[in-house]
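For reference, the chains in residue letters:
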Amino acid sequence: MSDHATLYGYYRSTAAYRVRIALGLKGLSADNKFIHLRKGEQTGPEYLKVNPAGLVPYWIDGSFHLAQSLAIIEYLDETHPEPPLLPGNAEQRAIAREIALTVASDIHPIGNLRVLNRLNQIGVDEPTRNAWSQHWIKLGFDAIEARLRELPGPFALGDRPTLADICIVPQVFNARRFGLDLAPYERIRGIDAASAKLEAFAAAEPGRQADAE
Ligand SMILES: N[C@@H](CCC(=O)N[C@@H](CS)C(=O)NCC(=O)O)C(=O)O
């Protein structure tokens, strides 16, 4: 990674939030470029030249360019191994990925802005859209909470944050935005509280980004 890597993001994008946390844990920084998702800049011709998928985050480092937050995070982890974002043994690494993918593949895509915009276009009102988001987050959180209760805290897999926590914390932010009751999720709330004490997580919070509104 050069000194001039660029991260395209948006303060409230939970996928970009994951990458910001990973950069912070690694002690790395990148130039931030902000794509205003609410204004639709992600589908404007200028940004589509950068990322034809019209989504953030996007990573550019010289001629190397990469979409998908988990791919970016694993790339950062491989190129900057300390501190590792995946835990010590194969079983633990697989569980960390299981949790990360439950967030990134099962929860997040169904509540993405373009999905909510599409629901709006076909006449679904805001309370129903919020209930939709809550429903899918709840299903994913139920599964994650059950898994976490088998594992030592305070983080997902013990005493240091991993890829699992990097995915859980932004999803908690999103769950709160959509008014999901987090009372049943003691382990998830514990991870959120433990993470908030770490500067890498605190500095990545949406409210602390330069494009926050
Ligand atoms: N699987 C992708 C998801 C990227 C994604 O959907 N990002 C959202 C923000 S969290 C986005 O750009 N949404 C724009 C839209 O839905 O129009 C990743 O993990 O990077």
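Residues numbered from 1 in each chain as written. Predicted model: local features only at pLDDT ≥ 70, side-chain atom pairs only at ≥ 80, totals over all residues.

1. Remarks on the overall build of the protein
Okay, so step 1: Within the protein one finds nine helices and four strands.
Okay, so step 2: Along the longest, intermediate and shortest principal axes, the C-alpha atoms of the protein span 45 × 45 × 30 Å.
Okay, so step 3: When burial is assessed residue by residue, the protein has 38% of its 213 residues classed as buried.
Okay, so step 4: For the protein, long-range pairs separated by at least 24 residues make up 72% of all intrachain contacts whose partners lie at least 6 apart in sequence. (Helix = DSSP H or I, 4+ residues; strand = E, 2+ residues; numbered from the N terminus. Buried ≥ 20, exposed ≤ 12 C-beta atoms within 10 Å, placed from the backbone. Contact = placed C-beta atoms within 7 Å.)

2. A few points about the packing of helix α4 (residues 90-107) against helix α6 (residues 126-148)
Okay, so step 1: Taken N-terminus to C-terminus, the directions of α4 and α6 make an angle of 170°; their axes are 10 Å apart at the nearest point. Classified by the angle between their axes, α4 and α6 sit roughly antiparallel to one another. Facing α4, whose interface residues are Ile-99, Thr-102, Val-103, Asp-106 and Ile-107, α6 presents Trp-136, Ile-137, Gly-140, Ala-143, Ile-144 and Arg-147.
Okay, so step 2: Here the contact of α4 with α6 is composed, by residue class, of seven nonpolar, two polar and two charged. (Axes fitted to C-alpha atoms, helices over the stretch in contact; angles between N-to-C directions. Parallel < 35°, antiparallel > 145°, perpendicular 65-115°, else oblique. Nonpolar A, V, L, I, M, F, W, Y, C, P; charged D, E, K, R; others polar.)

3. A look at the domain arrangement of the protein
Okay, so step 1: Once the domains are mapped, the protein shows domain 1 (6-83) and domain 2 (90-200).
Okay, so step 2: Of all the secondary-structure elements, those providing two or more residues to the side of domain 1 that touches domain 2 are α1 (14-26) and α3 (69-79).
Okay, so step 3: When residues of the side of domain 1 that touches domain 2 are assigned to their parent elements, the largest contribution, eight residues, is made by α1. (Domains from an automatic or database assignment.)

4. Observations concerning helix α7 (residues 163-177)
Okay, so step 1: The first and last C-alpha atoms of α7 sit 22 Å apart over 15 residues, in line with the 21 Å expected at 1.5 Å per residue.
Okay, so step 2: In terms of residue burial, α7 counts as a mostly covered element, since twelve of its 15 residues are buried.
Okay, so step 3: Restricting attention to buried positions, one finds in α7 the residues Leu-163, Ala-164, Asp-165, Ile-166, Cys-167, Ile-168, Val-169, Pro-170, Gln-171, Val-172, Asn-174 and Ala-175.
Okay, so step 4: Along its buried surface, α7 packs onto α1, α3, α4, α6, α8 (186-196) and α9 (199-203).
Okay, so step 5: Positive backbone phi, at 75°, marks Gly-179, one or two positions downstream of α7. (Expected span 1.5 Å × (residues − 1).)

5. Some details on the site of the ligand
Okay, so step 1: Looking at the ligand, there are 15 residues lining it, with Ser-13, Leu-55, Ser-69, Leu-113 and Arg-114 nearest.
Okay, so step 2: Where the shell around the ligand is concerned, the elements lending two or more residues are α1, α3 and α5 (113-121).
Okay, so step 3: When residues of the shell around the ligand are assigned to domains, at least three map to each of domain 1 (6-83) and domain 2 (90-200). (Near = placed C-beta within 6 Å.)

6. So, the nonpolar core
Okay, so step 1: Counting residues in each nonpolar core, the largest one holds 54 residues, and the members touching the most others are Ile-99 and Ile-168.
Okay, so step 2: When contributions to this core are tallied by element, the ones reaching two or more residues are β1 (6-9), α1, β3 (58-61), α3, α4, α6, α7 and α8.
Okay, so step 3: Domain assignment of the residues forming this core places at least three in each of domain 1 (6-83) and domain 2 (90-200). (Core = buried A, V, L, I, M, F, W, Y, C linked by C-beta atoms within 7 Å.)

7. Re the sheet that holds β1
Okay, so step 1: Overall, mixed pairing links the four strands, which are arranged β2-β1-β3-β4 in an open sheet. The outermost strands of the open sheet, each flanked by one partner alone, are β2 (31-34) and β4 (64-67). Direction aside, the axes of adjacent strands within the sheet are offset by 20° on average.
Okay, so step 2: Of the pairings in the sheet, the one linking β1 to β2 comprises four bridges and is parallel in character. What sits directly across from Thr-6, in β2, is Asp-31. (Pairing = 2+ DSSP bridges.)

8. Some words on α6
Every α-helix carries 3.6 residues per turn, so stepping three or four residues along brings you back to the same face.
Okay, so step 1: Between its terminal C-alpha atoms α6 stretches 32 Å, which fits the 33 Å expected from 23 residues at 1.5 Å a residue.
Okay, so step 2: Those residues of α6 lying buried are Ser-133, Ile-137, Gly-140, Phe-141, Ile-144 and Leu-148.
Okay, so step 3: Among the structural elements, α4, α7 and α8 are those in contact with the buried residues of α6.

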